[in-house]
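# Remarks on the overall topology
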Amino acid sequence: IYLSIYLYIYINFPFSISLSLSTENTLNDMGNVGYLIVKLIRATNIPNKGIGSVDPFVVIEIENCRSVTPVRDNNLEPEWNLTYRFPVHDYHSTLYLSLWDEEDLVSNVLLGRIAIPLFNCNGLKRYILKDAKLEGVGKGELVVETAIFYNPLRAAIRTFTPKEEIILKEPTKFDITLLQRDVKRITAQVEMLQDATEGLDNIIRWRSKPTSFVSMVMFVVIVYYIEIWMVPLALGFTLLWSLLYRRYGRGEWESYRMKVANKPYYLRTGRGEGEKDLDEDMSLTQRFEYMYNLAHTGQFTLNMVASLAEKLKNVFQWKNPFATGLLATLAIIASFLLYFIPIRYIILGWGINKFRKFGFDPNLIDNFEVEDFLSRVPSDPELEELKEPTRRMKQAQQRFG
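Note that the structure is predicted; figures quoted are calculated from it, not measured.

## A short note on the overall build of the protein chain
Along the backbone of the protein chain there are 14 helices and 8 strands. By the burial criterion, 26% of the 401 residues in the protein chain qualify as buried. In the protein chain, once contacts between residues fewer than 6 apart in sequence are set aside, the share between residues at least 24 apart is 65%. Element-wise, carbon and sulfur atoms account for 62% of the exposed surface of the protein chain, whose accessible area totals about 28400 Å².

See below:
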């Protein structure tokens, strides 16, 4: 029977530390959110590597703190029964446990690791370790008991302050698989936005008259009666509803997560078979085509994001004087209109007009005025194309060829 972690706290925790975490002392030490107690008990199911012995040890990391346990020589079921106390500066931090095999002649071998968010550090548990990238299953298991003691007010205030930089974290290296993953992530978000826009377009164009009629009535009622204080209230109730749904409708949530949320986007939408991942069995031509498509998708996405940011910047730098002057004039006129006409009536008029004109002509080509306006503002590469060469540029080209 192992010594309870709470008995350890009772014996080793000074009363002054407990008092510092009390609510009445919240403002005295804002940087100290709380303390994490980690009791490393043992490791199990470590595979035998065949040649040589396994000499396991564990590395415990949280924020910029790191502790290393003693090495247990030639042991596949090592026990430590060691308790560690770490200061917590951010309740949203993550506890990392890494199981290593010590080697004399070569670098130590990572058997497995696990990442545990602090809000899940609440008792005794056996953790199945994952691989180095925390994606697949690693080797071995760890039995750990954890407990966190913190000041909730300090944790709440700390949530809205800059996150502490992790100095001990190794710099990220270029990895083609990570590039592929990130490109797919961006592409999926863009396609989901397109789907949402397409759904709104179907409602506006009265493709389903009952749905469009109900949507129009809801739009009018919400805009007419909504007050600004209702917006955060609706957000709060929405978040509470999602919590209750996850907790009490768990069967439905798990069914949705397994059948829908975990599927690739192209499988959920039926848009083709999707792109194949990079495979060692690919030929050189297939690898080249794969890399080209990946780079092309990344280039298109990055160009779209960069162009949007540059266009917004160039609006305020008067790179297109007519467009910026027009926007300034409309902004001044809008300020006078908003002074005399409540904004809810302007939104009502705009929305009803959308439903009206597409109700009479469903094939009417819609436009998004903000996007149309920004399309007239040049991005930085377009400005370079529009820049006239000077004589100095011509002389420099002639001089250096």
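Continuing now.
## Regarding the pairing of strand β5 (residues 94–101)
Alignment of strand β2 (residues 56–62) against β5, held across 7 bridges, turns out to be antiparallel. Bridging across to β5, Glu61 finds its partner in Tyr96. By the bridge criterion, 8 bridges tie β5 to strand β6 (residues 109–117) in an arrangement that is antiparallel. When the bridges of β6 are listed, Asp101 appears paired with Val109.

## Digging into the pattern of salt bridges
Enumeration over the complete set of coordinates arrives at 6 salt bridges. Its salt-bridge partner being Asp380, residue Lys313 comes within 3.4 Å of it at the nearest N-O pair. Here the residue Lys313 occupies a position in helix α9 (residues 284–316), and Asp380 occupies one in helix α13 (residues 380–386), the gap between them amounting to 67 residues.

## Section: the side chain of Thr44
One can find Thr44 in strand β1 (residues 34–44). Engagement of the side chain of Thr44 in a polar contact is seen with the side chain of Arg126, the distance being 3.0 Å. Contacts of Thr44, omitting those with residues within four sequence positions, involve Leu76, Glu77, Arg126, Gly140 and Glu141.

## Some remarks on helix α5 (residues 209–225)
Under the 1.5 Å per step criterion, the end-to-end length of α5 is 24 Å for 17 residues, consistent within 8% with the ideal 24 Å. The set of residues buried in α5 consists of Ser212, Met216 and Val223. Relative to the axis of α5, the buried residues are bounded by an arc of 50 degrees and lie together on one face. Counted as exposed and oriented over 90 degrees from the buried face of α5: Pro210 and Tyr225.

## Remarks on the packing of aromatic side chains
According to the stated counting rule, one finds 7 aromatic pairs in the structure shown. On the basis of an interplanar angle of 85 degrees and a centroid distance of 5.0 Å, the ring pair of Tyr339 and Phe340 is categorised as edge-to-face. A single burial state applies to Tyr339 and to Phe340, both of which are exposed. Clustering of aromatic rings is evident, with ring pairs tying together Trp206, Phe219 and Phe355. The ring of Tyr35 has Arg85 lying over it, and the distance from NZ or CZ to the ring centre is 5.5 Å.

## Focus: the environment of Asn120
Within the secondary structure layout, Asn120 lies in the loop between β6 and β7 (122–130). Residues Asn120 and Thr94 lie 26 residues apart in sequence; the distance between their C-alpha atoms is 9.5 Å.

## Comments concerning the side chain of Asn151
Secondary-structure assignment places Asn151 in the loop between β8 (137–150) and α3 (152–159). Classification of Asn151 as buried rests on a relative accessible area of 0%. In terms of polar contacts, Asn151 uses its side chain to reach the backbone amide nitrogen of Leu153, at 3.0 Å. In contact with Asn151, not counting residues within four places along its chain, are Leu21, Ser22, Thr23, Thr26 and Val33.

Conventions we followed
- Residues numbered from 1 in each chain as written.
- Predicted model: local features only at pLDDT ≥ 70, side-chain atom pairs only at ≥ 80, totals over all residues.
- Heavy atoms only, no water.
- Helix = DSSP H or I, 4+ residues; strand = E, 2+ residues; numbered from the N terminus.
- Buried < 20%, exposed > 50% of the residue type's maximum accessible area, 1.4 Å probe, protein only.
- Contact = heavy atoms within 4.5 Å.
- Areas by Shrake-Rupley, 256 points an atom, 1.4 Å probe, with all protein chains shown as cover.
- Pairing = 2+ DSSP bridges.
- Salt bridge = Lys/Arg side-chain N within 4 Å of Asp/Glu carboxyl O.
- Polar contact = N/O pair within 3.5 Å; in protein donor to acceptor, adjacent residues only side chain to side chain.
- Expected span 1.5 Å × (residues − 1).
- Arc of directions from axis to C-beta.
- Phe/Tyr/Trp six-rings, centres within 6.5 Å; stacked < 30°, edge-to-face > 60°.
- Lys NZ or Arg CZ within 6 Å of the ring centre and 35° of its normal.

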